[in-house]
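The primary structure of each chain is shown beneath.
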Amino acid sequence: MMRAALDARLQVRRIVAAGEGLKRRLRAAQQSWRRWDGFAYEFFDDKAQDAFMAEHFPALHPLYAALPLPVMKADIWRYAVLYVRGGIYADTDTVCRASPRPWIRGGAALSVLPEPRCNFMCQWVMAAPAGSPLLGAVLDMIEQRLRALRGPVRPHHFRENPHLIHDLTGPAVFTDALRAWLRAHHLPALPHVTDYNRINSCIMRLHPLHFHTSHVVHLYHGKRGWKKEKRQFAQG
């Protein structure tokens, strides 16, 4: 039985202030994953995520705990929970339109989608077995980049780099780490993420772009919130 490890950040932190229409859409998105037989749906709030990081990643946890924005913590946690427990991860505002089984078919070390409008791998839905070396590489690169700051993330870091979240914890470091791992294992570094469908699917399974409508749909309800938090922190 695979686990669907669903990011609770959006629901736990925002659903209280959400309008009824948004609440209904979020509940419907969560139910779209619960309806499939043979999968256990698991739900983590911020407190549970922090406890998980402290237990399983004691060296990384101080860096994680010091991050100023919840979205950055949510990024790290998704890689970490899949690395430790395996399963399928999806953001709370992701709708599952078709059986999740293609995400776990074939035994790949990572099952991912390309982002449709930018040259990144998608990390709001993905699947991996426990101990995936690809996710281990992502966590290692994140830790390296955070330690390279030689202190906590400060407001001036966001003013100097408007894409700091992407580069430190989000889709940019995710994609960079995957490419670096593949290069280190004598696999080609390809110019566009969609080209990685040539890679042996036992290593990384890249689903086609049409999965964005046929299998999963991301509602992006959290995007406005974290961008506002980033602006407010950068002004501090």
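Read on for an overview of the structure.

Once that is clear, we can look at the overall build of the protein. Broken down by element type, the protein carries twelve helices and eight strands. For the protein, buried positions account for 51% of its 236 residues. Across the protein, every contact between residues at least 6 apart in sequence was considered, and the portion connecting residues at least 24 apart equals 77%. As presented, the protein carries roughly 11000 Å² of accessible surface, and 53% of it is formed by carbon and sulfur atoms.

The subject of this paragraph is the packing of helix α3 (residues 46-56) against helix α5 (residues 70-85). Contact geometry for α3 and α5: axes closest at 10 Å, N-to-C directions at 55°. Taken together, the axes of α3 and α5 lie oblique to each other. Judged by the sense of rotation from one axis to the other, the crossing of α3 with α5 is left-handed. Along its contact with α3, which presents Gln 49, Phe 52, Met 53 and His 56, the element α5 presents Ala 74, Ile 76, Trp 77, Ala 80, Val 81, Val 84 and Arg 85. In terms of residue class, the contact of α3 with α5 is made up of eight nonpolar, two polar and one charged.

Bringing unusual backbone geometry into the picture now. Even without being glycine, Arg 150 reaches a positive phi, approximately 55°. Looking at the secondary structure, you find Arg 150 in the loop between α7 (133-148) and α8 (155-160). Of note, the phi angle at His 186 is positive, near 65°, even though the residue is not glycine. Along the polypeptide, His 186 turns up in the loop between α10 (171-184) and β7 (204-206).

Analysis parameters
- Residues numbered from 1 in each chain as written.
- Predicted model: local features only at pLDDT ≥ 70, side-chain atom pairs only at ≥ 80, totals over all residues.
- Heavy atoms only, no water.
- Helix = DSSP H or I, 4+ residues; strand = E, 2+ residues; numbered from the N terminus.
- Buried < 20%, exposed > 50% of the residue type's maximum accessible area, 1.4 Å probe, protein only.
- Contact = heavy atoms within 4.5 Å.
- Areas by Shrake-Rupley, 256 points an atom, 1.4 Å probe, with all protein chains shown as cover.
- Axes fitted to C-alpha atoms, helices over the stretch in contact; angles between N-to-C directions.
- Parallel < 35°, antiparallel > 145°, perpendicular 65-115°, else oblique.
- Left-handed = near helix turned anticlockwise from the far one by under 90°.
- Nonpolar A, V, L, I, M, F, W, Y, C, P; charged D, E, K, R; others polar.

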